[in-house]
Amino acid sequence: MDALTGLPEATIIRDRESMEPFLRDESHLRGVPPLAVVQPRGAGALRELVRRAKAEGFGLVPRGAGTGKAGGCVPTEGTVVVDFSAWPGDIRVSPRDLCLSAPASAPLREVKAAAEAHGLFYPPDPNSWESCALGGTLATNAGGPNACKYGMTRHWVLSVDALLDDGELHTFGISSVKANAGPALGQLLIGSEGIFGFILGATLRLAPLPREYATLLLPVKRWEDLLDLPGRLSGAGFLPSAFEFFDPAVLAELRAHGPEEARRLPGEALAILEFDERGCTSEAFLEGLQDLLGPVADGLEIASDERQRQGIWAVRRLTSAFLKERHPGKVSEDIVVPRSRLRDFFEGLGRLGFPSVSYGHLGDGNLHVNLLAAGETDPAILDGQLMDLFRLAIRLGGTLSGEHGIGLAKRDAFLALSDPGHLHALRALKQALDPQNIFNPGKVI
Ligand code: MLT
Ligand code: ZN
């Protein structure tokens, strides 16, 4: 493609075979072949890319490690993929400012490890935390099990370095939790999925590293009994750092076909609860917890050491990939309902009448409803089922995406179901920040 000839500070990939891995993320979508894949290594490359994109009329699709779940980084017609994996920069921890700065290309695993090396904690923990890049987590405002206590990625971002449509890098925010000089524009970029500009790096807030964990495996006799627990726990003053669940169908499948460590999982349904505050392994704390959980539990196991804790988490972490391997055409959604409406949600889901299984983040109402037969379902019928699912979540005060974002996968549903005022404001922002629609065109709005 001539428009990229001589682009400075960048590697350009143009042959079809080498571009193939850039057509997909971890959603069920496959993009169209891009005009090229560009791996920028400096500001000069980005400045030129923006200039040429505007002059030649092609779009720019940002890509981190490609672990997204909504097709946000898959190329659409007439676009160049901008792969940030070679973007330079180091991870720098500043214990005195309780923060860390890192480039978009930094693996999240290394960001978390760098904080830990200083006795500090960066909580966001999407399921892909061992393979995703920081930039992708910022662009998608990634969640994960820890969100039920610590919130999502955006709650940990102090400042953002971003490329805007003038072709320059700008920093929004400062390295302090207190910054109130006008609206927080950096926050506008977090979770924007690259439609306003591209995130090149960030300064992240850190917390002291938890020193003890109480990790519990909670099997229940009647699965509905799990549904009131998140609300009852917070009502009694307990705030788990994670509260995950498997419904009876997911649990049965894991038990029958999962790895060795899943074969012994007890109960009709199962939850994993983790607490990380100081004192959470004390007798008094655990007794209080047992009083609350005892009446619904069908046996309760508490991890007695780090090896057992990791064993419990390993089963949860592999669930998505395990189900995908067994049902390659499945669609995994990530709706949210307020925790007080969990019971209403599952009653409503039953009434919708299509087969689904669920697991995920019960503690914050973020549920991975999986339609395992999606690959074999007529696309029009599948669309109808998904719309019914989203409408149910929204009717109960929730939303159609809790952590994966809109991207390409949920764009039509997002446009159909969002409040018109919300869409109007979003379009106005897009028009103001990216009037030529060069940044991730065709995504979100
Ligand atoms: C998870 O929590 O396992 C992930 O968000 C992936 C999924 O949608 O299954
Ligand atoms: Zn999840």
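Residues numbered from 1 in each chain as written. Chains lettered and ligands numbered in written order. Predicted model: local features only at pLDDT ≥ 70, side-chain atom pairs only at ≥ 80, totals over all residues. Heavy atoms only, no water.

Enquirer: Help me understand the overall build of the protein chain in this model?
Expert: On a plain count of helices and strands, the protein chain comes out with 15 helices and 19 strands. Against the globule reference of 22 Å for 445 residues, the protein chain gives a C-alpha radius of gyration of 22 Å, in line with a compact fold. For the protein chain, the C-alpha atoms occupy an extent of roughly 70 × 55 × 45 Å along the three principal directions. Here the protein chain holds 445 residues, and 53% of them are scored as buried. Total accessible area computed for the protein chain in this model is approximately 18,900 Å², and 51% of it derives from carbon and sulfur atoms. (Helix = DSSP H or I, 4+ residues; strand = E, 2+ residues; numbered from the N terminus. Rg over C-alpha atoms; globule rule 2.2 N^0.38 Å. Buried < 20%, exposed > 50% of the residue type's maximum accessible area, 1.4 Å probe, protein only. Areas by Shrake-Rupley, 256 points an atom, 1.4 Å probe, with all protein chains shown as cover.)

Enquirer: Explain the site of ligand 1 here, please?
Expert: Every residue close to ligand 1 is listed here: Lys69, Asn127, Arg316, Ser320, Ser332, Tyr359, His361, His368, Glu403 and His404. Note that an oxygen atom of ligand 1 is positioned 3.5 Å from one of the side-chain N or O atoms of Asn127. One of the side-chain N or O atoms of Ser332 is found 3.0 Å from an oxygen atom in ligand 1. For ligand 1, whose unbound accessible area comes to 270 Å², protein coverage reaches 96%. Residue classes in the shell around ligand 1 are distributed as one nonpolar, six polar and three charged. (Near = heavy atom within 4 Å. Polar contact = N/O pair within 3.5 Å; in protein donor to acceptor, adjacent residues only side chain to side chain. Nonpolar A, V, L, I, M, F, W, Y, C, P; charged D, E, K, R; others polar.)

Enquirer: Even after reading the chapter, I still don't get the nonpolar core, so can you show me in this structure?
Expert: Within soluble globular proteins, side chains that are nonpolar generally end up buried alongside one another. Ranked by internal contacts, the top residues of the largest apolar core, which has 82 residues, are Leu226, Phe345 and Leu367. Top contributing element to this core by residue count: helix α13 (residues 379-395), with seven residues. When residues of this core are sorted by domain, at least three fall in each of domain 2 (92-208) and domain 3 (214-395). Residues within four places of Phe345 in sequence aside, it is in contact with Ile335, Val337, Leu367, Val369, Leu389, Leu392 and Leu396. The next biggest cluster of nonpolar side chains, apart from the first, holds 22 residues, and it includes Ala3, Ala36, Leu60 and Val82. (Core = buried A, V, L, I, M, F, W, Y, C linked by side-chain atoms within 4.5 Å. Domains from an automatic or database assignment. Contact = heavy atoms within 4.5 Å.)

Enquirer: Sorry, what's going on with the coordination of the zinc ion (ligand 2) here?
Expert: Tetrahedral metal sites with four donors have an ideal angle of 109.5 degrees; octahedral sites with six donors have ideal angles of 90 or 180 degrees. Listed as protein donors to the zinc ion (ligand 2) are His361 (NE2), His368 (NE2) and Glu403 (OE); their distances from the metal cover 1.8 to 2.2 Å. Expressed as a motif, the donor residue spacing for the zinc ion (ligand 2) is H-x6-H-x34-E. Separated by 35 residues along the polypeptide, His368 in strand β19 (residues 366-371) and Glu403 in the loop between α13 and α14 (411-417) bring together distant segments of the chain. (Donors = N, O, S within 2.8 Å, 3.2 Å for Na, K, Ca; no water.)

Enquirer: I'm lost on the sheet that holds strand β1 (residues 10-13) in this one. Help?
Expert: Pairing between the strands of a sheet is mediated by backbone hydrogen bonds and can be parallel or antiparallel. Taken in spatial order, the four strands make up an open sheet running β1-β2-β4-β3, and their pairing is mixed. Strand pairing shows two members of the sheet lacking a second neighbour, β1 and β3 (59-63), which therefore form its edges. Between one strand and the next, the sheet's axes are offset by a mean angle of 25°, whatever the strand orientation. For β1 and strand β2 (residues 36-40), the ladder comprises four bridges, and the chain directions are antiparallel. Following the sheet pairing, Ile13 is matched in β2 by Val37. (Pairing = 2+ DSSP bridges. Axes fitted to C-alpha atoms, helices over the stretch in contact; angles between N-to-C directions.)

Enquirer: Whenever I open this one, the pairing of β19 confuses me. Can you help?
Expert: On a regular strand, each side chain points to the face opposite its neighbour's, so the side chains alternate between the two faces of the sheet. A large share of β19 lies buried, amounting to six of its six residues. When strand β17 (residues 335-336) meets β19, the two strands line up antiparallel, connected through two bridges. By the bridge assignment for β19, Ile335 is matched with Leu367. The pairing of strand β18 (residues 357-361) with β19 spans five bridges and is antiparallel. For His361, the partnering residue across the bridge sits in β19 and is Asn366. What sits between β18 and β19 in their antiparallel hairpin is a turn of four residues, with Gly365 showing a positive phi close to 75°.

Coordinates in, geometry out; function isn't part of it.
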